[in-house]
Amino acid sequence: MCNLSFNEAKRMVRELVEAKGFPNDEPALTQKLLWAFVELGEAADAYKKGMDWLKVCEELIDTIFYILDFIGLVEKTQGIEIDVDRLFIDKWRMNMERPRRYGQVRG
Ligand SMILES: [Mg+2]
């Protein structure tokens, strides 16, 4: 096991984007979100086809890459800082305080 924070992962993804010459400006924000959906679709497809669990999870990690890429690009283009670890912890606490099965009436 290795310890890696969301913030450090975000920094690493941004490093990758710059090193590999991927789109890295404000107009690219939309496509980062689109590719996150595409990767989620790849995960769903791999699951549907009964592929290896590691393959399904790898596609989910691809999704996270694009999400972190998006957040990092928001930081860069909007000149703000987004503490992803803080966001996660705050959201987790908020959800823990909500009622049982909050927001899910059916299913
Ligand atoms: Mg993929």
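As a starting point, this report considers the structure included with it. (Residues numbered from 1 in each chain as written. Predicted model: local features only at pLDDT ≥ 70, side-chain atom pairs only at ≥ 80, totals over all residues.)

### Some thoughts on the overall build of the protein
From N to C terminus, the protein includes 4 helices and 0 strands. Viewed in the frame of its principal axes, the protein has a C-alpha envelope of about 45 × 35 × 30 Å. Taking all 107 residues of the protein together, 15% fall into the buried category. Contacts in the protein between residues far apart in sequence, at least 24 positions, make up 64% of those at least 6 positions apart. (Helix = DSSP H or I, 4+ residues; strand = E, 2+ residues; numbered from the N terminus. Buried ≥ 20, exposed ≤ 12 C-beta atoms within 10 Å, placed from the backbone. Contact = placed C-beta atoms within 7 Å.)

### Some details on the packing of helix α2 (residues 28-48) against helix α3 (residues 53-78)
Helix-helix packing is characterised by the crossing angle of the two axes and by the distance between the axes. Where α2 contacts α3, the axes come no closer than 8 Å and their chain directions differ by 170°. In terms of their interaxial angle, α2 and α3 are classed as roughly antiparallel. Within the contact between the two elements, α2 uses A28, L29, K32, L33, W35, A36, E39, L40, E42, A43, A46 and Y47 and α3 uses K55, V56, E59, L60, D62, T63, Y66, I67, D69, F70, L73 and V74. For the contact of α2 with α3, the per-class residue count stands at 16 nonpolar, 1 polar and 7 charged. (Axes fitted to C-alpha atoms, helices over the stretch in contact; angles between N-to-C directions. Parallel < 35°, antiparallel > 145°, perpendicular 65-115°, else oblique. Nonpolar A, V, L, I, M, F, W, Y, C, P; charged D, E, K, R; others polar.)

### Some words on the environment of W53
Looking at the secondary structure, you find W53 in helix α3. Note: C-alpha distance between W53 and A43 (10 residues apart in sequence) is 9.7 Å.

### Digging into the nonpolar core
Side chains of nonpolar character tend, in soluble globular proteins, to be buried together. With 9 residues, the main nonpolar core is built from V13, V17, W35, F65, Y66, I67, L68, F70 and L73. Among the secondary structure elements, those contributing two or more residues to this core are α1 (6-20) and α3. Broken down by element, the residue count for this core peaks at 6 residues, all from α3. Each residue touching V13, except ones within four places of it in the same chain, is listed here: F65, L68, D69 and G72. (Core = buried A, V, L, I, M, F, W, Y, C linked by C-beta atoms within 7 Å.)

### Regarding helix α4 (residues 84-96)
Helix length check: α4 (13 residues) gives 18 Å between terminal C-alpha atoms against 18 Å at 1.5 Å per residue, within 8%. With respect to burial, α4 is a largely exposed element, only 0 of its 13 residues being buried. (Expected span 1.5 Å × (residues − 1).)

### Examining α3
Here α3 spans 37 Å end to end across 26 residues, near enough to the 38 Å set by a 1.5 Å rise per residue. Along α3, the residues classified as buried are E59, F65, Y66, I67, L68, D69, F70, G72 and L73. Where the residues of α3 are buried, they touch α1 and α2. Of the residues flanking the end of α3, it is G79, one or two places downstream, whose phi is positive at about 65°.

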